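# Structure at a glance
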Amino acid sequence: MRKKIVAGNWKMNKTLQDGMELAKTINRQVYDNNVIVVLCTPFIHLSDVAKVLSKDSLFLGAQNCASEASGAFTGEVSAEMIRSAGADYVIIGHSERRTYFKESDSILNKKVKLSLANNLIPIFCCGEVLAERQAGKHIQVVKDQVEKGLFDLSPEDFSRTVIAYEPVWAIGTGVNATAEQAQEMHKVIRDCIAGKYGNPIAENTSILYGGSCKPSNAKELFTNPDVDGGLIGGASLTASDFMGIVNAF
Ligand code: 13P
C-alpha cells in the first residue's frame, strides 16, 4: 500500500527560533498513525529541528539541494550535507526553483540522482502554469516534466521517489485545483508511471497535491483515489492549519 504523506514546505519563512517553536508544537501534536508528516525547513534550521522531532511518523526535509556532489560551488548545499543534518526528504523541482532560479529538467534530474545516492527521498514537483492549462497543454507539460526528471532512474530508484503535482496557478493564490482537476492529473501521472515502470510500482508511488491546500479543502482533495496527500505552503506555517490538513485523512 502506498504511503499517505503530508509535507510542509516552509519556503523562505521563519527565523530559526520561530521555526523551532513551530517544529516543537507539531511534534507534540502528531500522533503516530498511517500518515507520514514531513517538515521541509530552510537549510539552516535542519540540524536543530532534527533534534526536536521524536515521533516515528514525523520526518525532516530540505527544499532543494545542489546539482553537484561537492566542491567549489559557493553558497550551495549538497545532498550529502542535508542527509548529515538529519533529513530524510528533499523537495526537488519546485516551480519557484524552476521559474526564479531557472532550474532545467536536466539539472533537476541530477539533483534527484544525488538525493537518492545520499539516501534522501526526493519529493519531485511538477505542474503547469495557467497559460499552459488554458491552451490545453497541461497534461503534456506535466508528463514531460515527470519523464525528463525521473524516467531514466532504475525501477528500484524510482520506487523511492515521491511526486508532487502543484499547478503553478494554484500556488499561493488561494485558488486550489478542484478535486476533479487534481484527480485527473494524478491519474495521468500514475498511468504514465505504469507505462514506464509497470502497475505495481505505479500503484506504490505516492503522488501529493500542492497549491492552496487548507484544512477546509484538504478532505475533499485527499478522498480522490489517486491523491495520496499534500505538499503544503502557506498553511504549513501555523501548527493549527497544518495539523488540520494532516488530520483531514
Ligand atoms: P501554497 O500552499 O501556499 O499554495 O503553496 C504550495 C506550495 O508551493 C507547496 O510547495
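The preceding data block contains the structure.
Bear in mind that the values here come from a model prediction, so they are computed numbers and not experimental data.

With that out of the way, let us pick up the site of the ligand. Taken together, 13 residues are adjacent to the ligand, and K11, H94, G172, S212 and G234 come closest. K11 places a side-chain nitrogen or oxygen 2.8 Å from an oxygen atom of the ligand. Here the ligand, which alone exposes 310 Å², has 95% of that area covered by the protein. Taken atom by atom, the bulk of the ligand overlaps the second largest pocket.

Tallied over the entire structure, the rule returns one cavity of 30 Å³ or more. Of the voids in this model, the largest cavity is the one considered here, and its volume is about 40 Å³. As for the largest cavity, its lining consists of V30, Y31, N33, V35, V37, V246 and N247. Here the lining of the largest cavity is built from residues that sort into five nonpolar, two polar and no charged.

Before going further, it helps to spend a moment on the packing of helix α7 (residues 138-150) against helix α9 (residues 179-197). One can describe the packing of α7 onto α9 by two numbers: an axis separation of 10 Å at closest approach and a directional angle of 40°. It follows from the interaxial angle that α7 and α9 lie oblique. Crossing hand, α7 versus α9: right-handed. Residues H138, I139, V142, K143, E147 and L150 of α7 form the contact with α9, whose participating residues are E184, M185, V188, I189, C192 and Y197. For the contact of α7 with α9, the per-class residue count stands at eight nonpolar, one polar and three charged.

Turning our attention to the pairing of strand β3 (residues 58-62). Of all the five residues making up β3, four are buried; the element is thus mostly covered by neighbouring parts of the structure. Viewed along the sheet, the connection from strand β2 (residues 35-40) through helix α2 (residues 46-52) into β3 turns out right-handed. With helix α3 (residues 79-84) bridging β3 and the parallel strand β4 (residues 89-92), this β-α-β connection has right-handed handedness.

The next thing to look at is the pattern of salt bridges. On inspection of all chains with the given rule, the structure shows 17 salt bridges. In this structure, K51 engages D48 in a salt bridge whose closest nitrogen and oxygen atoms are separated by 3.4 Å. Residue K51 and its partner D48 are both found in helix α2; the two are separated by three residues, about one turn of the helix. According to the relative accessible area criterion, D48 is partly exposed, its value standing at 26%. Of the charged contacts in the structure, one is a salt bridge between D228 and R190, with a shortest N-O distance of 2.8 Å. Of this pair, D228 sits in the loop between α11 (215-222) and β8 (229-232) while R190 sits in helix α9, placing them 38 residues apart in sequence. Classification of R190 as buried rests on a relative accessible area of 2%.

Compared with an ideal rise of 1.5 Å per residue, which puts 13 residues at 18 Å, helix α5 (residues 105-117) spans 18 Å between its outermost C-alpha atoms and is within 8% of the ideal. Within α5 the residues assigned to the buried category are L108, N109, K111, V112, L114, S115 and L116. In the stretch just after α5, N119 is the one whose phi turns positive, near 65°.

Cut-offs applied
Residues numbered from 1 in each chain as written. Predicted model: local features only at pLDDT ≥ 70, side-chain atom pairs only at ≥ 80, totals over all residues. Heavy atoms only, no water. Near = heavy atom within 4 Å. Polar contact = N/O pair within 3.5 Å; in protein donor to acceptor, adjacent residues only side chain to side chain. Areas by Shrake-Rupley, 256 points an atom, 1.4 Å probe, with all protein chains shown as cover. 1 Å grid on protein atoms, 1.4 Å probe; cavity = no way out; pocket = protein on both sides within 12 Å on 5 of 7 lines; lining within 4 Å. Sits in = over half its atoms within 2 Å of the grid points. Points joined across faces, edges and corners; volume = space filled by probe spheres on them. Nonpolar A, V, L, I, M, F, W, Y, C, P; charged D, E, K, R; others polar. Axes fitted to C-alpha atoms, helices over the stretch in contact; angles between N-to-C directions. Helix = DSSP H or I, 4+ residues; strand = E, 2+ residues; numbered from the N terminus. Parallel < 35°, antiparallel > 145°, perpendicular 65-115°, else oblique. Left-handed = near helix turned anticlockwise from the far one by under 90°. Contact = heavy atoms within 4.5 Å. Buried < 20%, exposed > 50% of the residue type's maximum accessible area, 1.4 Å probe, protein only. Right-handed = clockwise from strand over helix to strand, strands pointing away. Salt bridge = Lys/Arg side-chain N within 4 Å of Asp/Glu carboxyl O. Expected span 1.5 Å × (residues − 1).

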